[in-house]
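# Coordinate inspection notes
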Amino acid sequence: MHKLWYEVPPTAGLPLRWRDLMPGDANLSAAIAQYLALPETQIECSGTAALVVALTALRQESARYKVILPAYTCPLVALAVAHCGLQPILCDLRADSFDLDHEQLSRLCDDTTLAVIPTHLGGRIADLAPVLAIAHRVGARVIEDAAQALGAYAQGQAVGSIGDIGFWSLAVGKGLTLYEGGVLFARDAALRQRLRQVSAQLVQHDALWELRRSLELLGYGALYHPLGLYLAYGRPLRRALRRDDPVAAVGDDFDAAIPLHRVGRWRQAVGVHALARLPAFQQSLRVLAAQRKPVLAQVPGIQVLDDAPGTQGAWPFFMLLLPTARARDAALEELWTAGLGVSRLFIHALPDYAYLAHLFHASAVPNARDFASRMLTLSNSPWLNEAQFARVVSVLGDAANRG
Ligand SMILES: *Cc1c(COP(=O)(O)O)cnc(C)c1O
């Protein structure tokens, strides 16, 4: 039993301050464009909604119907593709990585491929150059899924702005949050214009959804601290794990109905206020990650997913690979409900979610399954203190050692 009433969040989100809730400048798209050094951005009600707008725009100008995605990613990506009447095609990962297997990607891409969606998972940076080359060779677009990578850069350029289209999530748990929100960008100005038109046609104001999200954002503001997280996040987590439902425990049990509505002025103003503190917050996370990464990497058998030279990731949490699925599960047995910020990301490779299985042809995705079975996440929240971090390192060492 967890006694301390103290819960470290699984990802280091930016806490709100009361002053953030005051009305103010509501032009979040301009503020984020400035933050990312982009000419403009477009705000949607979720990362998924941003992807729906992007795919709808691409679909309107092409007869192509296949969208290639990593076999280990957020289930919402597959749901968005299906929502748009397009066919999701799974590409396996490279071994021990969240990157697409570039050889398999080459084989999958042809003149029916509308888009390829590489993913910058957990603030780490996908290897884009080969994906761009393979996709563009067959005339497909690259949509960067930077949902978990706001504030990550490759060669000085914000990830999400390197492919043809990119999107970021402003959902709870992904850094800067409006409780739910998304940011959309396209490199080409004419395509950006199309994305705005599609959004204007597709997305309406909806007072009820906006009221609900506003209350949820207030709840986040009130409860995003270790005690509030114990109540609002830790207790439901433990309940779901007691009934042996890990998909519910991490919130992977998504609905196929994707809400599409405009983001109201108040939530945008909250985002603008909070965004002013984001660069300093992210810098503090990079400093903390730089201290803790070598300690984790020294644990025999543990692999820490890291950034390639020339890239600077965002560090909401660490993704750690254990030597075997058994070792990973042994570590989780002790740590998942310990309030120490240890969790899993997506539970399964996409074909292994019961509610998604109908979307895919039987696919052999051994590396994605292996990644799902050996990976766990450790929060990079500053609320994980040194003693708690040491405890996690020690449990990981024991689990990896037993194999
Ligand atoms: C969360 C997430 C999405 C969807 O973003 P929402 O804002 O939650 O709709 C897409 N891709 C990845 C990798 C994600 O983590």
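All values derive from a computational prediction rather than experimental measurement. (Residues numbered from 1 in each chain as written. Predicted model: local features only at pLDDT ≥ 70, side-chain atom pairs only at ≥ 80, totals over all residues. Heavy atoms only, no water.)

## So, the packing of helix H11 (residues 278-297) against helix H14 (residues 386-402)
Contact pair H11 / H14: the axes reach a minimum separation of 10 Å and the direction vectors enclose 25°. If you check the angle between H11 and H14, you find them roughly parallel. As for how H11 packs across H14, the hand of that crossing is right-handed. Between H11, through Arg 292, Val 295 and Leu 296, and H14, the contact on the second element is made entirely by Glu 386, Phe 389, Val 393 and Leu 396. (Axes fitted to C-alpha atoms, helices over the stretch in contact; angles between N-to-C directions. Helix = DSSP H or I, 4+ residues; strand = E, 2+ residues; numbered from the N terminus. Parallel < 35°, antiparallel > 145°, perpendicular 65-115°, else oblique. Left-handed = near helix turned anticlockwise from the far one by under 90°. Contact = heavy atoms within 4.5 Å.)

## A short note on empty space enclosed by the protein
In this structure the tally under the stated criterion is 2 cavities of 30 Å³ or more. Each pocket or cavity is described by its volume, and for the largest cavity that value is around 50 Å³. Secondary-structure elements contributing two or more residues to the lining of the largest cavity are helix H8 (226-242) and strand S13 (342-343). In the lining of the largest cavity, the residues fall into 9 nonpolar, 3 polar and 1 charged. By volume, the second largest cavity is sized at about 30 Å³. (1 Å grid on protein atoms, 1.4 Å probe; cavity = no way out; pocket = protein on both sides within 12 Å on 5 of 7 lines; lining within 4 Å. Points joined across faces, edges and corners; volume = space filled by probe spheres on them. Nonpolar A, V, L, I, M, F, W, Y, C, P; charged D, E, K, R; others polar.)

## Observations regarding the domain arrangement of the protein chain
In terms of domain boundaries, the protein chain breaks down into domain 1 (19-202) and domain 2 (278-402). Once you take the C-alpha centre of each, domain 1 and domain 2 turn out to be 23 Å apart. At the interface, 34 residues of domain 1 touch 42 residues of domain 2. Each partner contributes to the roughly 3000 Å² buried at the junction of domain 1 and domain 2, and carbon and sulfur atoms together form 63% of this total. On the domain 1 side of the interface with domain 2, the three residues burying the most area are Tyr 72, Asp 96 and Arg 124, jointly 25% of the side's total. The partner of Arg 374 in a salt bridge is Asp 96, and the shortest N-O contact between them spans 2.5 Å. Connecting domain 1 to domain 2 are 14 residue pairs in polar contact (both at pLDDT 80 or more). Counting residues per element, the ones that place at least two in the side of domain 1 that touches domain 2 are strand S2 (66-70), helix H3 (75-83), strand S3 (87-91) and strand S6 (153-154). Counting residues per element, the side of domain 1 that touches domain 2 draws most heavily on H3, which supplies 4 residues. Split by residue class, the side of domain 1 that touches domain 2 holds 22 nonpolar, 8 polar and 4 charged. (Domains from an automatic or database assignment. Buried area = accessible area lost by both parts, 1.4 Å probe. Salt bridge = Lys/Arg side-chain N within 4 Å of Asp/Glu carboxyl O. Polar contact = N/O pair within 3.5 Å; in protein donor to acceptor, adjacent residues only side chain to side chain.)

## Observations regarding the pattern of salt bridges
Charged atoms that come close allow side chains of opposite charge to pair. Within this structure, the stated rule accounts for 20 salt bridges. Residues Arg 238 and Glu 7 are paired through a salt bridge, measuring 2.9 Å at the closest nitrogen-oxygen approach. With Arg 238 in helix H8 and Glu 7 in the segment before helix H1 (28-36), this residue pair connects regions lying 231 residues apart in the sequence. Assigned by exposure class, Arg 238 and Glu 7 land together as buried. A salt bridge links Glu 216 to Arg 213; the shortest N-O distance between them is 2.9 Å. Placement of both Glu 216 and Arg 213 in helix H7 (residues 207-223) is noted, with a separation of 3 residues, approximately one turn of the helix. Through salt bridges with shared partners, a single ionic network connects Glu 40, Arg 192 and Arg 196. (Buried < 20%, exposed > 50% of the residue type's maximum accessible area, 1.4 Å probe, protein only.)

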